[in-house]
Amino acid sequence: MTDRHVHVRISGKVQGVWYRAWTEQTAREHGLTGWVRNCADGSVEAVFSGLSSAVDSMLAACREGPPLARVSRVEAADCDAPAVNGFEVRRDGAP
């Protein structure tokens, strides 16, 4: 079992539709750590860290999102492990 860390950008109708709260809940259900936040360009940015299979499942879930979302693109790139415990929703644009 290998850990994987990914930086993700989700585009489409993903703000104002509970995407961040859904992401936090879904990531915790998958046993992932990391964070999620809104971006000024209307996208949502996240980092997921955990078992590779759980990260893959989370990325698949992000392509659907919550019921009101309309996801047009999910871009993911490997990254360093996030320096967080648990999973958090960050303020818009917060580092």
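This report concerns the structure included in the present document. Just so it is clear, the model here is predicted, and its values are computed rather than measured. (Residues numbered from 1 in each chain as written. Predicted model: local features only at pLDDT ≥ 70, side-chain atom pairs only at ≥ 80, totals over all residues. Heavy atoms only, no water.)

**Points about the overall build of the protein**
So, step 1. Helix and strand content of the protein: two helices and five strands.
So, step 2. Scanning the protein from its N terminus toward the C terminus, one meets helices and strands in the order β-α-β-β-α-β-β.
So, step 3. Taking 2.2 N^0.38 as the reference for a compact globule, 95 residues should give roughly 12 Å; the C-alpha atoms of the protein span a radius of gyration of 12 Å, in line with that estimate.
So, step 4. Each of the three principal axes of the protein carries a C-alpha extent, and together these read 35 × 25 × 20 Å. (Helix = DSSP H or I, 4+ residues; strand = E, 2+ residues; numbered from the N terminus. Rg over C-alpha atoms; globule rule 2.2 N^0.38 Å.)

**Focus: the pairing of strand 1 (residues 3–13)**
So, step 1. Relative to strand 3 (residues 44–51), strand 1 is paired through eight bridges, and the arrangement is antiparallel. Following the sheet pairing, Val 8 is matched in strand 3 by Ala 46.
So, step 2. One ladder, built from eight bridges, connects strand 1 with strand 4 (residues 70–78); its direction is antiparallel. Of the residues in strand 4, the one forming a bridge with Ser 11 is Arg 73. (Pairing = 2+ DSSP bridges.)

**Quick look at the side chain of Glu 45**
So, step 1. Inspection of the secondary structure puts Glu 45 in strand 3.
So, step 2. Separated by 2.5 Å, the side chains of Glu 45 and His 7 make a polar contact.
So, step 3. When near neighbours in sequence (up to four residues on either side) are disregarded, Glu 45 contacts His 7, Val 8, Arg 9, Trp 35, Val 36, Arg 37 and Cys 39. (Polar contact = N/O pair within 3.5 Å; in protein donor to acceptor, adjacent residues only side chain to side chain. Contact = heavy atoms within 4.5 Å.)

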